[in-house]
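# Understanding the architecture of this molecule
Given next are the chains, with one letter for each unit.
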Amino acid sequence: MSLSELREVIEDLPTELKTSIIHWEERGDQLTIQVGRESLAALIGHLHRKYQVRLLSEHVADERREEGCYILYVLLSMPKGKWMITCVVEVDPAQGSFPSLTPELSAANWFEREVQDLFGLTAEGHPDPRPLILYDDWPTERYPLRKDFDVAAPMPRDRSPYKFKRVEGEGVFEIPVGPVHAGVIEPGHFRFSVAGEPIINLELRLGYVHRGVEKLSESLRYDRGVLLSERISGDNGFSHSLAYCQAVEGMASVQVPERALFLRTVFSEMERLYNHMGDMAGIVLDTAFTPGAQKAYLIRERLMDTNEFVSGSRLLRSVNCLGGVRKDIDRMTAVRINAFLVKAKLDFNDFKDKVLGMPSFLDRTETTGILSLEAARHLMVVGPVARASGVDIDVRKDRPYAAFKEMSFNVPVHREGDVQARFMVKCEEVYESISIIEQALDQIPVGPISTIVPPVPSMVTGLSLVESHRGELMHWILAGEGMPHRHKVRDASFMNWPALEVAVPGNIVPDFPLINKSFNLSYAGSDL
Amino acid sequence: MLRTVRLGLRRRGVVTTSYPDVEHVPYEGFLGMTEVDTSHCDLLGKCAEACPTGAISLSGGSVRVDIGLCIFCAECVRACPRTAIRMTRVYELANKDRKALEVEFFVR
């Protein structure tokens, strides 16, 4: 599709939709369409059916002071990610509602529930309007992302029980699990309805680690926002800060030095590697094959040790900065990384052979927790979860950032959609990541590693997508005076959590940890 | 079985270390405890301005660093024009007394 074809999107609209467009504009690879609220759902439905657009995000910004209304943004990505469509709708504060897209687009479900919680706007026609993010005892009429919300005011508790879906019948039991779990993992509540061992229904209740990241970001200068974004979700801090930096750099129209782009590529693959190693170890551990898991944990530890050697931080924190990176990789360090990767690859081969030759592992993972291609497309899942169900998406290929354009690599896609497919996708991605690091280190150009970022003009928007180890994550910023006016973060987990509810039913309870592990979802990233 | 015993006795294939009996030394460039080089510091206050959590404050002739507030981001190191502040390899920072986390460096 070329630029003129992007314009054809408008020309191809049915007449009644075309007349409902208030304004449209094309800038770079983005098309912005402003429509009236009554035809939003029809427009999105049309774009979805005709172009199979994917929902990136649906969020609201409080612009009552500037524009006298709330503005609803629906961000869509054309297949293969190259083109973006933003639908903009004004939401009248007096009316306090917007039309729900969930009946047209299942993936909008959580986004709209989130908007309801944080802005107090009703999604009209939403099939499941229960709260998503805020605590059960959060008082009504207090909406934290509204600009007039007083952060300092004490918050009274107002008890109101959350209504879980009930499955009833003879021999049907409910098993509540969490939010406190046995291991050192994050908090989340799972409610299983079971008849015997098989799970009939799983319901998630998250939001326990909602810290108000987006609200906090609205009060932080851009350079401080980098540090905040690093801390959104511990293990993909580099990807989050990279997305944040890219969004700000885009708004300030800064060209990041070539060398910094290559270094960012190396660091983001280093992050992917250690996390994939931990994921695979976790999957193997949950099939009770501890010696196998320890092999991968050992490689993971050595990778994190390498991170520390290269950057001073095991989690690659304080590496990104606006306009580039803070840590350089000199010749000697590059040699050492290369030598280490050769060894890591051999160790990983050994791990992979051991695990895939283990009948008990294969038996547990094959056909467990299947997410069908249809469900994956419907829920618009991202990352390894999508690629294990046959959806070929990867931001690094579809919308290359950093230096990924110069790299040659494959995107492994499997189509079984079970735990094993997700394991295999990660397994194959490890080799690709190692290869990308090697290529980047070989080709790295000389030059500065960062540049100065001029002040960001206000009221411009910045959008940036990054492929973290969990999949596509998005940072969207509407600039204010020296800091974001609205900062929307969408972690890959936010798209993938609802898919867990689809993949689990039909499996037995003991397989739940295994399936959950294979999805590897972040609670902190989803709750924000 | 015999092989396992032999491996254990010869300590081959052992990957764990004997910390804390044997000291663990992090790499150069590790983001640990903040330290002010009092001979280079000119009390410019750039570090205090750069600190996102307000962990650094200047009072009279000293720089006070509150490790309890520090997030080890090394923004202060980046901001200092005299390279008088650095992150050391010291990482055993836990203390039973909150007050002990506030460290003061006397410049003059």
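Placed above this text is the structure.
Treat the numbers as computed from the prediction; the structure is a model and nothing was measured. (Residues numbered from 1 in each chain as written. Chains lettered and ligands numbered in written order. Predicted model: local features only at pLDDT ≥ 70, side-chain atom pairs only at ≥ 80, totals over all residues. Heavy atoms only, no water.)

Within chain A one finds 18 helices and 15 strands. If you line up chain A on its principal axes, its C-alpha atoms span 70 × 65 × 50 Å. Put simply, chain A has 528 residues, and 61% of those count as buried. Taking as baseline every contact in chain A between residues at least 6 positions apart, the subset at least 24 positions apart corresponds to 67%. Accessible area for chain A stands at about 20,400 Å²; split by element, carbon and sulfur atoms hold 54% of it. The averaged location of the 74 negative side-chain charges in chain A is 4 Å from the averaged location of its 59 positive side-chain charges. (Helix = DSSP H or I, 4+ residues; strand = E, 2+ residues; numbered from the N terminus. Buried < 20%, exposed > 50% of the residue type's maximum accessible area, 1.4 Å probe, protein only. Contact = heavy atoms within 4.5 Å. Areas by Shrake-Rupley, 256 points an atom, 1.4 Å probe, with all protein chains shown as cover. Lys, Arg positive; Asp, Glu negative; His and termini not counted. Charge placed at Lys NZ, Arg CZ, Asp CG, Glu CD.)

Facing 17 residues of chain A, the contacting portion of chain B comprises 16 residues. The junction of chain A with chain B conceals about 1,300 Å² of combined surface from both sides, 51% of it contributed by carbon and sulfur atoms. When the buried surface of chain A facing chain B is broken down by residue, Arg224, Glu308 and Arg326 of chain A rank first, second and third, together holding 36% of it. In this structure, the connection of chain A to chain B is made through one salt bridge. Across the chain A-chain B interface, the total number found is 11 residue pairs in polar contact (both at pLDDT 80 or more). Per element, the largest residue contribution to the side of chain A that touches chain B is six residues, and it comes from helix 9 (residues 290-311) of chain A. (Buried area = accessible area lost by both parts, 1.4 Å probe. Salt bridge = Lys/Arg side-chain N within 4 Å of Asp/Glu carboxyl O. Polar contact = N/O pair within 3.5 Å; in protein donor to acceptor, adjacent residues only side chain to side chain.)

Let's shift gears to helix 15 (residues 419-443) of chain A. An ideal rise of 1.5 Å per residue puts 36 Å on 25 residues; helix 15 of chain A measures up with 36 Å between its terminal C-alpha atoms. The element helix 15 of chain A is extensively covered by neighbouring structure, given that 19 of its 25 residues are classed as buried. (Expected span 1.5 Å × (residues − 1).)

Time to look at the packing of helix 10 (residues 331-356) of chain A against helix 15 of chain A. Angle between the axes and distance between the axes are the two parameters that describe a pair of packed helices. Residues and elements named next belong to chain A. Helix 15 packs onto helix 10 with a crossing angle of 160 degrees between their chain directions and a minimal axis gap of 10 Å. Classed by the angle they form, the pair helix 10 and helix 15 counts as roughly antiparallel. Crossing angle aside, the handedness with which helix 10 passes helix 15 is left-handed. Here Arg331, Ala334, Ile337, Asn338, Leu341, Lys345, Phe348, Asn349, Phe351, Lys352, Val355 and Leu356 of helix 10 come into contact with helix 15, specifically with Gln420, Phe423, Met424, Cys427, Val430, Tyr431, Ile434, Ile437, Glu438, Leu441 and Asp442. Residue composition of the contact of helix 10 with helix 15, by class: 15 nonpolar, three polar and five charged. (Axes fitted to C-alpha atoms, helices over the stretch in contact; angles between N-to-C directions. Parallel < 35°, antiparallel > 145°, perpendicular 65-115°, else oblique. Left-handed = near helix turned anticlockwise from the far one by under 90°. Nonpolar A, V, L, I, M, F, W, Y, C, P; charged D, E, K, R; others polar.)

Moving on, we come to the packing of aromatic side chains. Residues and elements named next belong to chain A. Applying the stated rule across the entire model yields 19 aromatic pairs over all chains. Here the aromatic rings of phenylalanine 238 and phenylalanine 267 are separated by 5.8 Å at their centres, their planes lie at 50 degrees, and the arrangement is tilted. With phenylalanine 238 in helix 7 (residues 237-251) and phenylalanine 267 in helix 8 (residues 258-286), this residue pair connects regions lying 29 residues apart in the sequence. When its relative accessible area of 0% is taken as the criterion, phenylalanine 267 is described as buried. On the numbers, 5.4 Å between centres and 65 degrees between planes, the contact of phenylalanine 348 with tyrosine 431 is edge-to-face. Residue phenylalanine 348 is found in helix 10, and its partner tyrosine 431 is found in helix 15; the two are separated by 83 residues along the sequence. Aromatic ring contacts, followed pair by pair, group Phe190, Phe192, Trp497, Phe512 and Tyr523 into a single cluster. Positioned above the aromatic ring of tyrosine 162 is the side chain of arginine 205, whose terminal nitrogen or guanidinium carbon lies 3.8 Å from the ring centre. (Phe/Tyr/Trp six-rings, centres within 6.5 Å; stacked < 30°, edge-to-face > 60°. Lys NZ or Arg CZ within 6 Å of the ring centre and 35° of its normal.)

Quick look at unusual backbone geometry now. In this structure, proline 179 of chain A follows glycine 178 of chain A across a cis peptide bond, with omega equal to 10 degrees. Proline 20 of chain B follows tyrosine 19 of chain B through a cis peptide bond whose omega is 10 degrees. Locating proline 20 of chain B in the fold gives a position in the loop between helix 1 (2-10) and strand 1 (34-36). At glutamine 52 of chain A, a residue that is not glycine, the phi angle is positive and equals roughly 50 degrees. Residue position: glutamine 52 of chain A is located in the loop between helix 3 (40-51) and strand 3 (54-63). Positive phi outside glycine occurs at methionine 380 of chain A, with the angle close to 55 degrees. Examined against the element boundaries, methionine 380 of chain A turns out to sit in the loop between helix 12 (373-379) and helix 13 (383-388). A residue is classified by how much of its surface remains accessible, and methionine 380 of chain A, at 3% relative accessible area, is buried.

We now examine the sheet that holds strand 2 (residues 56-59) of chain B. Residues and elements named next belong to chain B. One open sheet holds the three strands; their spatial order is 2-3-5, and the pairing between them is antiparallel. Here the strands that pair on one side only, and so sit at the sheet edges, are strand 2 and strand 5 (102-106). Adjacent strand axes in the sheet meet at a mean angle of 20 degrees when their direction is disregarded. In this structure, strand 3 (residues 62-66) lies alongside strand 5, joined through five bridges in antiparallel fashion. Opposite aspartate 66, over in strand 5, you have glutamate 102 as the bridge partner. (Pairing = 2+ DSSP bridges.)

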